[in-house]
Amino acid sequence: MTETKPGHPKGLYVLFATEMWERFNFYGMRALLTLFIVSALMISKEQSSIIYGGFLGLCYLTPMLGGFVSDRFLGNRYCIMLGGTLMAIGQFTLFASASLFSGNLEFARTLLYIALGVIILGNGFFKPNISSMVGSLYPKQEKNKLDTAFTIFYMGINCGAFLGQFICPMIGDHVDAAGVRDVFVFKWGFLAAGSAMLIGTVTFFLLKDKYVITPEGRAIGDLPSRNVSSDFEEGESQKANFSNTALAVAGLAFLCLGTTFHFVFGQNYIYSLIYGSGLTLAGLIISDSSLTKVERERILVIYIVSFFIIFFWAAFEQAGSSLTFIADNQTDRNFFGWNMPPSMVQIFNGLFVVILAVPFSLLWDKLRANDKEPISPAKQAMGLLLIALSYFIIAFNVKDLGTSGLLAVKWLVLLYLIQTLGELCLSPIGLSLVGKLAPKRFASLLFGVFFLSNASGYALAGTLGSILPATGEQFAKAKEIGVDLQAVLDKAVTPTAEQLTKLAESKISINYATFAGFAIHNLFEFFMVFVVLCGMASLLLFALVPTLKKMMHGVR
Ligand code: GLN
């Protein structure tokens with residue numbers, strides 16, 4: 001057996017730096033995106049939440065494509081550089097949109113969609129390939145270092161998120177003391193994001209040949225034609241082989257599911273595509289006749305966990321939409337005497353991950369040493385419970401705010417702290433759980449299913465964000481128009497035709513949004529939606545833990 005070296009390969013730090021700059025670019029842009037769409041491009045909050053959910057969802061759908069292209073044609077390295085370049089181009093296109101909107105609004109809106117499309121494509125090439133390279137850095141006998149490696153990598157992700165959510169709002173989100181926003185500075189935030197992506201891509205380009213190599217000096221993630229398969233387990237088939245009939249049935253199932261989501265459940269095309277492809281792929285794999293009973297049960301565990309974490313991401317990703325709107329319009333952002341830009345409030349997630357990731361992994365190590373570490377699904381149920389708790393606390397703090405009161409920013413900080421504790425229970429271990437449970441030949445496809453469940457969570461986040469009730473500034477705006485918005489919403493008065501036009505121009509809805517047939521009257525009810533969804537998901541998952549444990553057949 002080959003000796004294992006202490007410490008981590010230098011390549012890990014190259015991947016750390018590359019991912020750090022990429023996440024700077026992604027999260028820095030995410031901080032500004034919905035505010036930019038609403039206040040510069042004059043699109044309603046509701047619509048912007050839907051765009052945001054679709055964008056994030058597609059970012060987690062395209063990794064399937066990126067993984068496929070990498071496996072068959074380009075290899076990890078070229079995909080990372082291609083993805084990085086595309087994302088930088090996307091950010092510069094956003095910069096153009098944010099520079100031109102005042103002269104030509106329609107054109108700026110078109111540029112927004114082009115930019116988001118290019119970023120989605122770039123992310124699809126980048127994200128799966130950089131994560132799988134972390135795994136490839138370690139030879140078979142050093143795979144036990146993977147959990148720590150992924151913890152370090154997760155820190156890189158969040159150092160980047162933290163920096164991006166600091167710099168981009170700092171230069172791209174200016175609100176004066178009277179609460180008036182300078183819509184002309186968003187562009188600097190997008191420019192900073194694009195530059196960060198360029199730095200990341202160039203860093204990787206320059207350092208890859210020296211550091212991202214095997215102990216023998218062979219390039220990792222090179223073109224597939226140049227790869228040597230020394231890392232494969234003996235006797236195991238490497239590729240999934242589906243029959244043509246199975247593929248045809250899957251194609252048909254995809255069409256039926258997509259159509260059902262669109263026409264029966266009223267989902268837009270993008271959301272229908274995401275939900276439909278996730279379910280189809282899951283069905284295609286589980287119905288494969290080559291699976292043994294144990295393999296099939298383990299895959300079912302992946303599916304069950306994937307289903308439950310949809311609710312986690314749907315709640316978590318409110319950060320970039322409804323929570324940012326609340327930070328913008330109904331929060332006292334005085335932070336030790338400084339008025340924090342609204343888009344910066346999300347920074348606490350990245351900050352808390354950086355502070356807490358290592359203590360958390362030490363905690364798991366300690367529990368493991370005492371044989372007390374909960375199994376993965378139990379940790380995931382805990383993650384869901386924590387996120388439900390975070391919204392429960394906020395719900396009670398907004399209960400008496402009325403339509404013009406302000407929430408103290410400390411409550412949002414607390415919300416992000418609790419959500420981060422939840423994230424650390426659920427997210428870093430999710431990928432490694434899939435890695436451990438998946439039969440080799442289906443591994444990358446099952447990662448695909450897992451990513452698609454993230455994508456579905458983001459799509460649901462868009463739908464849920466869009467039911468955000470009117471916030472303070474909309475009540476104030478309605479008052480300027482001479483309308484008592486509360487009375488209108490309660491159908492106690494009917495606005496005149498002229499007032500209706502003005503309300504529509506200001507993107508103020510005169511009806512309560514509904515979710516699953518319930519009208520959402522105020523912020524309290526809005527937050528309680530997340531408490532109920534995530535709370536129920538958590539309890540159900542906890543109840544399933546003993547069954548799942550059996551189905552995992554020895555994997556923890
Ligand atoms: N915050 C992490 C990242 O950006 C995890 C996101 C996720 O898995 N959905 O990579």
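Going by the structure above, here's the rest.
Here the structure is a predicted model, which means the values were calculated and not measured.

Asks: Requested: an account of empty space enclosed by the protein, with residues and values cited.
Replies: According to the stated counting rule, one finds one cavity of 30 Å³ or more in the structure shown. For the largest cavity, the calculated volume is near 430 Å³. In this structure, the largest cavity is lined by 28 residues; those nearest its centre are Tyr60, Lys127, Tyr154, Ile157 and Ser427. When residues of the lining of the largest cavity are traced back to their parent elements, those giving at least two are helix H1 (10–39), helix H4 (105–136), helix H5 (146–172), helix H9 (293–316), helix H11 (347–369), helix H13 (409–437) and helix H14 (443–465). With seven residues, H5 is the single largest residue contributor to the lining of the largest cavity. The residue inventory of the lining of the largest cavity, partitioned by class, reads 16 nonpolar, seven polar and five charged.

Asks: Pulling in residues and values, what's your account of the environment of Met340?
Replies: Along the polypeptide, Met340 turns up in the loop between strand S5 (338–339) and H11. Each C-alpha atom, one on Met340 and one on Glu106, is 31 Å from the other, the two residues being 234 residues apart in sequence. Those residues in contact with Met340 that lie beyond four places of it in its chain are Arg333, Val345, Ile347 and Phe348.

Asks: Got a sec to walk through the site of the ligand? Specific residues and values, please.
Replies: Taken together, the neighbourhood of the ligand is formed by Arg23, Tyr27, Tyr60, Lys127, Tyr154, Ile157, Trp313, Glu423, Asn454 and Tyr458. Residue Arg23 places a side-chain N or O atom 2.7 Å away from an oxygen atom belonging to the ligand. At 2.7 Å, a side-chain N or O of Tyr27 approaches an oxygen atom of the ligand. In isolation the ligand exposes 300 Å². Once the protein is present, 92% of that is buried. For the shell around the ligand, the elements supplying multiple residues, two or more each, are H1, H5 and H14. In terms of residue class, the shell around the ligand is built from six nonpolar, one polar and three charged.

How each quantity is defined
- Residues numbered from 1 in each chain as written.
- Predicted model: local features only at pLDDT ≥ 70, side-chain atom pairs only at ≥ 80, totals over all residues.
- Heavy atoms only, no water.
- 1 Å grid on protein atoms, 1.4 Å probe; cavity = no way out; pocket = protein on both sides within 12 Å on 5 of 7 lines; lining within 4 Å.
- Points joined across faces, edges and corners; volume = space filled by probe spheres on them.
- Helix = DSSP H or I, 4+ residues; strand = E, 2+ residues; numbered from the N terminus.
- Nonpolar A, V, L, I, M, F, W, Y, C, P; charged D, E, K, R; others polar.
- Contact = heavy atoms within 4.5 Å.
- Near = heavy atom within 4 Å.
- Polar contact = N/O pair within 3.5 Å; in protein donor to acceptor, adjacent residues only side chain to side chain.
- Areas by Shrake-Rupley, 256 points an atom, 1.4 Å probe, with all protein chains shown as cover.

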